[in-house]
Amino acid sequence: MLLPPPIRPPEVPAGTKKKQRGHGRRELPKNLPRVPVVHDLTEAERRCPECGETRAQISTERSEQLDYKPASLLVVEHVRCTYACPHCEGQVVTAGKPAQPIPKGLPGPGLLAHVITDKDVDHIPLHRQEGRLARQGVEISRSTLCDWMGSAAKLLEPLYNLMKTLILLSGTIHTDDTTVKVRDSERKIKRTGRLWFYGGDPTQRFNVFDFTMSRSRDGPRDFLKGYQGYLQADAFGGYDGIYTDGHVVEVGCNAHARRKFIEAPKTDLARATAALTFYRELYAIERAIKEQIAKTAPEDKADESERAAIRLRIRQEKAVPVLERFREWLEAQKPDALPKSPFGIAIGYVQNNWEALTRYTTSGYLSIDNNVSEQRMKTIAIGRKNWLFTGSENGGKTMAVLFSVVSSCQRNGHDPFAYLRDVLARIPDLPKERLAELLPDRWSPPQAADATTAEGPDNGSAPTV
């Protein structure tokens, strides 16, 4: 039996220090409104105890305290003025009203954005939102809230389809899937659907979700129809048919491979630990690449091609030799590993997918793992513990559209509520040729509106629109 190589610490560039999070109270954001509360002395307290004269103010001391005012509902009254010609006794005309997110519906764009954000960002299910609205004196059933979500998804569907089209122009797409329970017409949970994630590269900064009722290859095959480029995923067999024509190139996930060795120490501690040492070296190289790029090609001063060139050069110089040593070591350990043992399964996984797992070293545009997708799936898993299931297949498609818009919005650094409120107000009247203006990577927050427009008038007068 060959002994495993000695465990070596990962290679970390000299002079690098791990960034530490600062301590102490952080400065409050400047954009928050300030409400001054003046604490003054009474007339009696101002008098000097020695001479009796009134003391003069010489300075003030200021301190900040963060407080909270609960969100509030408001009723927007649309007043349409009607005019008639006094001479012709006719020619009546009435001022028009902008198209609403839900025609003749109760919710305005702000309330719709609030319901979607609470559900898909903060994971607050509709029955809890129903209770929160009731505490403010508004009785709205969860079924009505569900209908609102469906109407909003239908309104946003053209934007969703545009993101789906653009994401297929990416050089690399990250993908993964997770389960979603589906309730049938008898209100019983009897089926399990799938929510698929597709993340575009830096040129197409969108996260698009797709819903299917099974995990068959039809889902990713239909979504990726016509795509040419790299697909980074786990070794799920459903993707195999996509790679056959050569238009889509498989890129493996080393995080999945490493996880199998993490499970192996229960039966083979020494060799599993040795295998993980190789992965520590590989990930240390990736950290060094990020530090090198931050110094020589920061994101605000260089294009992606320059950063990709740095990644490729360092990976070829440092990662490829480590992978070659790892491959030789796996070959040496395989004869002594039981095929069905956790360690044997880990070796088999890596060797069977070796070409896909090492492909990231051939291009600076690729990632060492598929953790981008893993992170998105975690947000779905957190939400799933709260909302539990979707009511139907249509509900799953609604979920996919809304998650896509919200996740893409977050990826581009926008506040989901502000984005949705603006988009839901504008999209009903927006011509199709201008739809791209609302894409999360092109959208910019509207200019600060007058307080009476955003929060309603406080002086009893109505704003003129």
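Read on for a plain summary of the structure.

Thresholds applied
Residues numbered from 1 in each chain as written. Predicted model: local features only at pLDDT ≥ 70, side-chain atom pairs only at ≥ 80, totals over all residues. Heavy atoms only, no water. Helix = DSSP H or I, 4+ residues; strand = E, 2+ residues; numbered from the N terminus. Buried < 20%, exposed > 50% of the residue type's maximum accessible area, 1.4 Å probe, protein only. Contact = heavy atoms within 4.5 Å. Areas by Shrake-Rupley, 256 points an atom, 1.4 Å probe, with all protein chains shown as cover. Phe/Tyr/Trp six-rings, centres within 6.5 Å; stacked < 30°, edge-to-face > 60°. Lys NZ or Arg CZ within 6 Å of the ring centre and 35° of its normal. Core = buried A, V, L, I, M, F, W, Y, C linked by side-chain atoms within 4.5 Å. Polar contact = N/O pair within 3.5 Å; in protein donor to acceptor, adjacent residues only side chain to side chain. Pairing = 2+ DSSP bridges. Axes fitted to C-alpha atoms, helices over the stretch in contact; angles between N-to-C directions. Salt bridge = Lys/Arg side-chain N within 4 Å of Asp/Glu carboxyl O. Parallel < 35°, antiparallel > 145°, perpendicular 65-115°, else oblique. Left-handed = near helix turned anticlockwise from the far one by under 90°. Nonpolar A, V, L, I, M, F, W, Y, C, P; charged D, E, K, R; others polar.

In terms of helices and strands, the chain carries 15 helices and 7 strands. Buried positions account for 38% of the 465 residues belonging to the chain. Summarising the internal contacts of the chain: among those between residues at least 6 apart in sequence, 63% fall at separations of at least 24. Summed over all atoms, the accessible surface of the chain reaches about 28900 Å², with 52% contributed by carbon and sulfur.

Tallied over the entire structure, the rule returns 16 aromatic pairs. Three or more aromatic residues link up through ring pairs in this structure, and these residues are Phe261, Phe278, Tyr279, Phe326, Trp329, Phe343 and Trp354. Arg215 extends its terminal NZ or CZ atom over the ring of Phe236, reaching a point 3.9 Å from the ring centre. Between Lys260 and the ring centre of Tyr349, over which it is positioned, the NZ or CZ distance is 4.9 Å.

Moving on, we come to the nonpolar core. Counting 52 residues, the largest nonpolar core has Leu156, Leu224 and Leu420 as the members making the most contacts within it. Listed by contribution, the elements that provide at least two residues to this core are α2 (109-120), α3 (126-135), α4 (142-167), β4 (189-199), α6 (240-243), α13 (393-411) and α14 (416-426). The residues contacting Leu420, other than those within four sequence positions of it, are Ala113, Ile116, Thr117, Leu156, Val405 and Val406. Grouped together as the second largest cluster of nonpolar side chains are 37 residues, Ala255, Ala264, Trp329 and Leu366 included.

Moving on, we come to the side chain of Asp177. Residue position: Asp177 is located in strand β3 (residues 172-183). Within polar-contact distance, the side chain of Asp177 engages the side chain of Arg194 at 2.6 Å. Within the structure, Asp177 has its side chain in polar contact with the side chain of Arg215 (distance 3.0 Å). Those residues in contact with Asp177, other than ones at most four positions away along the chain, are Arg194, Leu195, Trp196, Arg215, Tyr239 and Met377.

One open sheet accounts for 5 strands, arranged β5-β4-β3-β6-β7; its pairing is mixed. Here the strands that pair on one side only, and so sit at the sheet edges, are β5 (207-212) and β7 (248-251). Taken pair by pair, the neighbouring strands of this sheet meet at an average axis angle of 30°, ignoring direction. Packing of α4 onto the sheet brings it into contact with β3, β4 and β5, and relative to β5 it is tilted by some 105°. Along the sheet, α13 makes contact with β3, β4 and β5, crossing β5 at roughly 170°.

Take Arg359: it is sitting in the loop between α11 (354-358) and α12 (371-387). Judged by relative accessible area, Arg359 falls into the buried class, the value being 16%. Looking at Arg359, its side chain comes within polar contact range of the side chain of Glu355, at 2.8 Å. Residues within four places of Arg359 in sequence aside, it is in contact with Tyr230, Val249, Glu250, Val251 and Leu366.

Take α14 next. One turn of an α-helix holds 3.6 residues; hence residues three or four places apart share an orientation. Those residues of α14 not exposed but buried are Pro416, Tyr419, Leu420, Asp422, Val423 and Leu424. Looking at the buried residues of α14, the elements they touch are α2, α4 and α13.

Between side chains of opposite charge, a pair can form when the charged atoms approach closely. Evaluated as defined, the whole model comprises 20 salt bridges. A salt bridge links Asp40 to Arg46; the nearest nitrogen and oxygen atoms lie 3.0 Å apart. Residue Arg46 is classed as partly exposed on the basis of its relative accessible area, which comes to 27%. Two residues, Glu437 and Arg434, come together in a salt bridge whose shortest N-O distance is 2.9 Å. According to the relative accessible area criterion, Glu437 is partly exposed, its value standing at 33%.

Here we come to the pairing of strand β6 (residues 229-232). As paired strands, β3 and β6 are joined by 3 bridges and run parallel to one another. Across the sheet, Ile173 pairs through a bridge with Leu231, a residue of β6.

Below, the discussion takes up the packing of α2 against α3. For the pair α2 and α3, the least separation of the axes is 10 Å and the interaxial angle reads 135°. Classified by the angle between their axes, α2 and α3 sit oblique to one another. Regarding α2 and α3, the two cross each other, and that crossing is right-handed. Residue-level inspection shows His114, Val115, Asp118 and Lys119 of α2 in contact with α3, the latter providing Leu126, Gln129 and Arg132. Residue composition of the contact of α2 with α3, grouped by class: 2 nonpolar, 2 polar and 3 charged.

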